[in-house]
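Residue strings, one per chain:
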Amino acid sequence: MKILHAAMLLPLATVSMMAAGQASADAGYPNKMVRIVVPFTSGGGTSNTARFLADKLSAKWRQPVIVDNRPGGNTVIGSNIVAKAEPDGYTLLFANTSHTINPSVMPKLPYDTVRDFTPVCTVLINRFVLLTHPSMKANDLDEFIAKLRADPDAYNLPTVGAAGIGRLANESLMRAIGVKLQNIPYKGTSDLATNLMGGQLKFALEIPGFYLPHIKSGKLKALAVSGETRLSSLPDVPTFAEKGLRNFDTQSWYGLLAPAGTPDAIVNKIAADVRAIVASDEFAGYLDSIQSEAFASSPAQFADFIQREMKKNRETAEQAGITAEP
């Protein structure tokens, strides 16, 4: 009995010493530069939000926090850098919805989307708004649906990218409506917006920020928004659910991830500090300028959210036959 008890004490003591050492090491975090990898080019919404957070974290931590733009491979290049980085909290990934789409459209990823990352926290969400050119002569969602069902061959399905959240959101809407349209992928929002406002495209399902001035001026009509409530900037535009389309509700998100194995104490510290920034008045002003909404979560909540997003995106991608590979 004494031998068994002694054998049990050794690992417990070792674990206690390791935990104490770990807590001591984590207590000094960060004591050097922190890098936030953004798997997109600079200047876009993801990169701009990452820079906002980096500036605030740098001031809070009194350490440099830099944004490292590593675009390419449908976000795979930047994500892989973080997946292979030391799990010490000094290399983070600022991801968006593509992180939970890629496993369904790119089966040969160089990392595992779940096992190789530690969720830290979400930051914001973007709604989608259904926009039409006045020449479509659809005054509300019911008239829009009726026109598509009556003559689906008369319309195309414009999306930013062929396998990102824009494509999945549009395909999800079309499935909810019960029509199938030819997808026309665009490289960026500006090209799509030019054709939409010129009337070459009759409608688009897009994130509202860029389009708000054109909606206010009457150049475009907004028929419905995703989400549970109306947008404060578009109080007269109903949600899809209000108009009876309850089986469609797609939004995009941004969030921070760390390499798998990053100590819980560091993950929790980063999450708490980011949530404090997200709750600030200054961040609220930033969100208002880009027509986004705060969406803060704990690491555990983010992990559950990722699983749900992957399941939903997989179903949409499979049903629409979406792939990012040739």
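Residues numbered from 1 in each chain as written. Predicted model: local features only at pLDDT ≥ 70, side-chain atom pairs only at ≥ 80, totals over all residues. Heavy atoms only, no water.

1. Brief notes about the pattern of salt bridges
For step 1, the next point in the chain: As enumerated under the stated definition, the model contains twelve salt bridges in all.
For step 2, the next point in the chain: A salt bridge links Arg35 to Asp68; the nearest nitrogen and oxygen atoms lie 2.9 Å apart. Of this pair, Arg35 sits in strand S1 (residues 34–38) while Asp68 is found in strand S2 (residues 65–69), placing the two residues 33 residues apart along the sequence.
For step 3, the next point in the chain: For the salt bridge of Lys269 with Asp273, the shortest nitrogen-to-oxygen distance reads 3.2 Å. Placement of the pair is Lys269 and Asp273 together in helix H9 (residues 264–278), with a separation of four residues, close to one helical turn.
For step 4, the next point in the chain: Taking the relative accessible area as the measure of exposure, Lys269 reaches 29% and is therefore partly exposed.
For step 5, the next point in the chain: When salt bridges with common partners are traced through the structure, they connect Arg35, Asp68 and Arg70 into a single cluster. (Salt bridge = Lys/Arg side-chain N within 4 Å of Asp/Glu carboxyl O. Helix = DSSP H or I, 4+ residues; strand = E, 2+ residues; numbered from the N terminus. Buried < 20%, exposed > 50% of the residue type's maximum accessible area, 1.4 Å probe, protein only.)

2. Side note on helix H5 (residues 141–150)
For step 1, the next point in the chain: Every buried residue of H5 is listed here: Leu141, Phe144, Ile145 and Leu148. Down the axis, H5 shows its buried residues gathered within 95° of arc, on one side only.
For step 2, the next point in the chain: Contact partners of the buried residues in H5: strand S5 (129–132), helix H6 (165–177), strand S8 (203–206) and strand S9 (221–225). (Arc of directions from axis to C-beta. Contact = heavy atoms within 4.5 Å.)

3. Concerning the nonpolar core
As a rule of thumb, soluble globular proteins bury nonpolar side chains together.
For step 1, the next point in the chain: Counting 49 residues, the largest nonpolar core has Phe144 and Phe203 as the members making the most contacts within it.
For step 2, the next point in the chain: The biggest single contributor to this core is H6, with seven residues.
For step 3, the next point in the chain: Among the nonpolar cores identified, the runner-up in size contains 32 residues, and Ile36, Val38, Leu92 and Val274 belong to it. (Core = buried A, V, L, I, M, F, W, Y, C linked by side-chain atoms within 4.5 Å.)

4. As for the packing of helix H2 (residues 45–61) against H9
For step 1, the next point in the chain: Between H2 and H9, the least distance of the axes is 10 Å, while the angle of their chain directions is 115°. In terms of orientation, H2 and H9 fall into the roughly perpendicular class. Seen from above, H2 lies across H9 with right-handed handedness. Of the residues in H9, those touching H2 at Phe52, Leu53, Lys56, Leu57, Lys60 and Trp61 are Lys269, Ile270, Asp273, Val274 and Ile277. (Axes fitted to C-alpha atoms, helices over the stretch in contact; angles between N-to-C directions. Parallel < 35°, antiparallel > 145°, perpendicular 65-115°, else oblique. Left-handed = near helix turned anticlockwise from the far one by under 90°.)

5. Describing the confidence of the model for the chain
For step 1, the next point in the chain: Model confidence for the chain is summarised by a mean pLDDT of 91, while 91% of its residues fall at 70 or above.
For step 2, the next point in the chain: A low-confidence stretch, residues 1–25 stays under pLDDT 50, and its non-local contacts, those more than four residues away or across chains, total one contact. (pLDDT = per-residue confidence, 0-100.)

6. Structural notes on unusual backbone geometry
For step 1, the next point in the chain: Tyr29 connects to Pro30 through a cis peptide bond whose omega is -10°.
For step 2, the next point in the chain: Note on placement: Pro30 falls in the loop between helix H1 (2–27) and S1.
For step 3, the next point in the chain: One non-glycine residue, Arg62, adopts positive backbone phi at about 60°.
For step 4, the next point in the chain: Even without being a glycine, Asn74 presents a positive backbone phi close to 60°.
For step 5, the next point in the chain: With respect to the helices and strands, the residue Asn74 is situated in the loop between S2 and helix H3 (76–83).
For step 6, the next point in the chain: Residue class for Asn74 comes out partly exposed when judged on its relative accessible area of 33%.

7. So, the pairing of strand S7 (residues 182–186)
For step 1, the next point in the chain: Here five bridges tie strand S6 (residues 156–160) to S7, and the two strands are oriented parallel to one another. Bridged to Val160 within S7 is Tyr186.
For step 2, the next point in the chain: The parallel pair S6 and S7 is bridged by H6, and the resulting crossover is right-handed. (Pairing = 2+ DSSP bridges. Right-handed = clockwise from strand over helix to strand, strands pointing away.)

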